[in-house]
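A structural walkthrough
These are the residues of each chain, in order.
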Amino acid sequence: MLQADIFIKKVKFESLQLNHKMEKYICAQCSEIYPTCCQIKQECTEYCFPLSEPEIEKIRKKIGTDDFYAQEKNSNNFIHKLISLLPEYKQKIVQLFPPNGTHYRLRLKDNGKCYFLTDSGCDLARDDRPFYCQIYPFWIYNQKITYFEDKYCLAQKKTKKIGHLLKLFSVTIDSIEDNFNSMITALGITK
Ligand code: SF4
């Protein structure tokens, strides 16, 4: 996930069962049809979610290069977007991302695709991806699970119900919360 969409849909958890079929992971299926959430328009680069030092270190150890991230200015649009996604952490965000500073983000190719995006999806193992990539399209907003509406998300073409979506992505509320908390800690924006 590179850029969080503007709308956050508040949803209730519904525990519904899905049939499990042996098929490609939903994001790999999506990458065969759509640009995916791992490709953005060049003019939206400033909105890319920040990458923390621990995440950079982890990926660097895996792939052995520093080519995969870039430095980006803390534009006003970036700061406002980050606060809108994490309103509970506003004070810390303002401290850590001042308007004259910079942050790191994933590097994009010329076509706006993430450095790691291939024709068959993300090149990184799931556990090695940045935390927000492991969380997306889910999010924790005011301590409740929700998800970003994305018209190009294949999973959301299949269902809008969060219980179904969790199963399609093979995640649980607990795993989303764990990754969300790890992301907050890695970014240093704990309250
Ligand atoms: S690291 Fe992988 S999941 Fe994250 S934006 Fe890049 S291609 Fe997508």
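Structure shown above.
Predicted model, so just to flag it, every value in this text is computed and none were measured. (Residues numbered from 1 in each chain as written. Predicted model: local features only at pLDDT ≥ 70, side-chain atom pairs only at ≥ 80, totals over all residues.)

**Observations regarding the overall build of the chain**
What counts is decided by this rule: Working definition: helices are DSSP H or I runs of at least four residues, strands are E runs of at least two. Numbering for both runs from the N terminus. Using C-beta atoms placed from the backbone, we call a residue buried if 20 or more other C-beta atoms fall within 10 Å of its own, exposed if 12 or fewer do, and partly exposed for counts in between.
When you go through the chain residue by residue, the secondary structure sums to 8 helices and 7 strands. Expressed as a percentage of the 191 residues in the chain, the buried residues total 30%.

**Focus on the nonpolar core**
Side chains that are nonpolar tend, in soluble globular proteins, to be buried together. Heads up, the condition is: To count as a nonpolar core, a set of buried Ala, Val, Leu, Ile, Met, Phe, Trp, Tyr and Cys residues must be joined through C-beta atoms within 7 Å.
Of all hydrophobic cores here, the largest spans 39 residues; its most connected members are Tyr132, Ile135, Tyr136 and Phe138. When contributions to this core are tallied by element, the ones reaching two or more residues are helix H1 (26-31), helix H3 (76-85), helix H5 (131-135), strand E6 (138-141), strand E7 (144-148), helix H7 (162-168) and helix H8 (173-187).

**Some points on the pairing of E7**
This is how it is decided: By this definition, two strands are paired if DSSP reports at least two bridges between them.
Bridge count for E6 against E7 is 4 bridges, and the pairing is antiparallel. From the neighbouring strand, tyrosine 141 faces E7, where its bridge partner is lysine 144. Remark: 2 residues form the turn of the hairpin made by E6 and E7, two consecutive strands paired antiparallel; asparagine 142 in that turn has positive phi of roughly 50 degrees.

**Some thoughts on the site of the ligand**
Here is the rule we go by: All residues are tested the same way: a C-beta atom is placed from the backbone, and lying within 6 Å of a molecule or strand makes the residue near it. Polar here means any residue other than Ala, Val, Leu, Ile, Met, Phe, Trp, Tyr, Cys and Pro, which are nonpolar, and Asp, Glu, Lys and Arg, which are charged; Gly is therefore polar.
Around the ligand, the structure places 12 residues, and the nearest of them are Cys38, Cys114, Leu117, Cys122 and Cys133. Classifying every residue of the shell around the ligand gives 11 nonpolar, no polar and 1 charged.

**Regarding the environment of histidine 80**
Looking at the element boundaries, histidine 80 is found in helix H3. Placed 10 residues apart in sequence, histidine 80 and lysine 90 show a C-alpha to C-alpha distance of 9.4 Å.

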